[in-house]
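Chain by chain, the residues run as shown.
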Amino acid sequence: MKRNTKYLWIYTGILFSIALVLILIAWVTQFTTRDEIESQTTGAKEGLVKVSNENSSLKEQLKEKDAQIANLNTEIEKYKTKETEWLSSKGIDETLATAYEKYLNGEKEEAKNMVKSSCDRTKLTKIQQKVYDIIIND
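Predicted model only: the values in this text are computed from it and were never measured. (Residues numbered from 1 in each chain as written. Predicted model: local features only at pLDDT ≥ 70, side-chain atom pairs only at ≥ 80, totals over all residues. Heavy atoms only, no water.)

Caption draft 1: Summary view of the overall build of the protein. Looking only at helices and strands, one finds three helices and zero strands in the protein. Ordered by position from N to C terminus, the α and β elements of the protein give α-α-α. In terms of C-alpha radius of gyration, the protein reaches 48 Å, well past the compact-globule figure of 14 Å for 138 residues. Taken over the C-alpha atoms alone, the protein extends approximately 150 × 20 × 15 Å along its principal axes. Counting every atom, the protein has about 11,800 Å² of accessible surface; 60% of that belongs to carbon and sulfur. (Helix = DSSP H or I, 4+ residues; strand = E, 2+ residues; numbered from the N terminus. Rg over C-alpha atoms; globule rule 2.2 N^0.38 Å. Areas by Shrake-Rupley, 256 points an atom, 1.4 Å probe, with all protein chains shown as cover.)

So, in structure tokens, the structure goes:
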């Protein structure tokens, strides 16, 4: 029986030694895993801060671009107004030229009516006003 008891103690010692080694391995693994998790968490936080800063920067750029778009739209409207005025002026030029031809051909009343119905003297250029005055004041 002593022999069996001796083997039992050796077997028990080996089992406890293995268990102790496994506990030590688990303890070391836990610390390395915790360090890896902390480094990953830190990396994720840094990445989140970078993304947040980039998002803020992009929002500012978007505001600037929206302001530029608004300014350009205002300029477009100004040019459209100028274009309309120019086209209107061109139409007035043609009307005044036609009326002046009629005036020169002796159709003075028809020329006066044509100019009065289609032209507002206050909106005419200086040259157009002179032609207008020639036709109306005769």
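Caption draft 2: Up close: helix 2 (residues 108-118). Turning to helix 2, its buried residues number three or more, namely Ala-111, Lys-112 and Val-115. Buried positions in helix 2, seen along its axis, are confined to an arc of 100° and lie on one side of it. What points out from helix 2, more than 90 degrees from its buried face, is the exposed set Glu-109 and Ser-117. (Buried < 20%, exposed > 50% of the residue type's maximum accessible area, 1.4 Å probe, protein only. Arc of directions from axis to C-beta.)

Caption draft 3: Highlighting the confidence of the model for the protein. Summary statistics for the protein give a mean pLDDT of 83 and a share of 95% for residues scoring 70 or more. The secondary structure element of the protein with the lowest average pLDDT is helix 2, at 79, and the one with the highest is helix 1 (residues 2-104), at 85. (pLDDT = per-residue confidence, 0-100.)

Caption draft 4: The nonpolar core, seen in detail. Within the largest apolar cluster, eleven residues are counted, these being Ile-92, Leu-96, Ala-99, Tyr-103, Ala-111, Val-115, Cys-119, Leu-124, Tyr-132, Ile-135 and Ile-136. Among the elements of the structure, helix 1, helix 2 and helix 3 (126-136) are those that each provide at least two residues to this core. Here the element with the most residues in this core is helix 1; it accounts for four residues. (Core = buried A, V, L, I, M, F, W, Y, C linked by side-chain atoms within 4.5 Å.)

Caption draft 5: How the structure looks around the packing of helix 2 against helix 3. The geometry of helix 2 relative to helix 3 is characterised by a closest axis approach of 9 Å and an angle of 135° between their N-to-C directions. Judged by the inter-axis angle, helix 2 sits oblique to helix 3. Here helix 2 and helix 3 pass one another in a crossing that is left-handed. Counting all contacts with helix 2, which are made through Ala-111, Lys-112, Val-115 and Lys-116, the residues of helix 3 involved are Tyr-132, Ile-135 and Ile-136. Each residue belonging to the contact of helix 2 with helix 3 can be placed in one class, and the counts come to five nonpolar, no polar and two charged. (Axes fitted to C-alpha atoms, helices over the stretch in contact; angles between N-to-C directions. Parallel < 35°, antiparallel > 145°, perpendicular 65-115°, else oblique. Left-handed = near helix turned anticlockwise from the far one by under 90°. Contact = heavy atoms within 4.5 Å. Nonpolar A, V, L, I, M, F, W, Y, C, P; charged D, E, K, R; others polar.)

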